Amino acid sequence: MADRAVKIAPSILSADFSRLGEQIAEAAAGGADYIHMDIMDGHFVPNLSYGIPVVEAVRRVTDLKLDTHLMIDNPLEFLEPFRDAGADSLTLHLEACPQPAPLIEEIHRLGMECGLAVNPD
């Protein structure tokens with residue numbers, strides 16, 4: 001994919017999971033740069049989505065970067081498992097880790113990119 005200022009990262013949250021591999025291939029063919037994965041634990045946010053097994057499955061069907069958005073409590077517990085599952089980047093919520101610097105350093109040490117999401121009032 002050509003390097004461009006705007007990156008496209010479609011979320012698989014609304015995908016048809018019976019056709020997940022096909023839909024990821026369609027996104028790649030359509031110009032996606034990343035696959036965005038919203039990980040929700042049902043605690044930090046009310047919805048529950050998917051976890052490490054789905055990240056592993058998606059990694060097996062694409063070489064696109066996996067942009068993994070952790071909307072979870074205690075993200076420190078899951079940094080290595082998500083890295084091992086194939087995540088290329090992790091986005092943490094400031095509300096879940098009010099002192100994010102050590103987590104950001106650990107994410108970088110593990111060889112991943114990191115984002116920090118803020119949900120202002």
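Above this note sits the structure.
Only a predicted model underlies this, so the values are computations on that prediction, with no experimental measurement involved. (Residues numbered from 1 in each chain as written. Predicted model: local features only at pLDDT ≥ 70, side-chain atom pairs only at ≥ 80, totals over all residues. Heavy atoms only, no water.)

Trainee: Please explain helix α2 (residues 52-61) as it appears in this structure.
Mentor: One full turn of an α-helix is made of 3.6 residues, so residues set three or four places apart face in the same direction. Of all the positions in α2, only Val54, Val55 and Val58 are classed as buried. Within α2, the buried residues cover an arc of 100 degrees as seen down the axis, which keeps them to one side. Opposite the packed face of α2, turned more than 90 degrees from it, sit the exposed residues Pro53 and Arg60. Where α2 is buried, its residues contact α1 (20-29), β1 (34-40), β2 (65-71) and α3 (79-85). (Buried < 20%, exposed > 50% of the residue type's maximum accessible area, 1.4 Å probe, protein only. Helix = DSSP H or I, 4+ residues; strand = E, 2+ residues; numbered from the N terminus. Arc of directions from axis to C-beta. Contact = heavy atoms within 4.5 Å.)

Trainee: Help me understand unusual backbone geometry, please; the structure alone is not making it clear to me.
Mentor: Leaving glycine out, the prevailing phi sign among residues is negative, and the prevailing peptide bond configuration is trans. A positive phi angle is found at Asn74, which is not glycine, with a value near 55 degrees. Position of Asn74 among the secondary structure elements: in the loop between β2 and α3.

Trainee: Would you explain α1 in this entry?
Mentor: Buried residues of α1: Leu20, Ile24 and Ala27, and no others. The buried residues of α1 all sit within an arc of 60 degrees when viewed along its axis, so they share a single face. Residues of α1 that are buried make contact with β1 and α2. Phi for Gly31, located one or two positions after α1, is positive at around 110 degrees.

Trainee: So what exactly am I meant to see when it comes to the sheet that holds β2 here?
Mentor: Hydrogen bonding along the main chain pairs the strands of a sheet, whether they run parallel or antiparallel. Taking strand neighbours across the sheet as the criterion, the 4 strands line up as β1-β2-β3-β4 in an open arrangement whose pairing is parallel. The two strands at the open ends of the sheet, each matched to only one other strand, are β1 and β4 (113-117). Strand-to-strand twist across the sheet, computed as the mean angle between neighbouring axes with direction ignored, equals 20 degrees. Both strand β3 (residues 89-93) and β4 contribute to a ladder of 5 bridges, which runs parallel. Residue Leu92 lies in a different strand from β4, and its bridge partner there is Leu116. (Pairing = 2+ DSSP bridges. Axes fitted to C-alpha atoms, helices over the stretch in contact; angles between N-to-C directions.)

Trainee: Help me out: how do you make sense of the pairing of β1 in this one?
Mentor: Looking down a regular strand, the side chains alternate between one sheet face and the other. A large share of β1 lies buried, amounting to 7 of its 7 residues. The alternating pattern of β1 places Tyr34, His36, Asp38 and Met40 and Ile35, Met37 and Ile39 on opposite faces, both of which are buried. Of the pairings in the sheet, the one linking β1 to β2 comprises 7 bridges and is parallel in character. The partner of Met37 across the bridge, within β2, is Thr68. One crossover worth recording links β1 to the parallel β2 by way of α2, and it is right-handed. (Right-handed = clockwise from strand over helix to strand, strands pointing away.)

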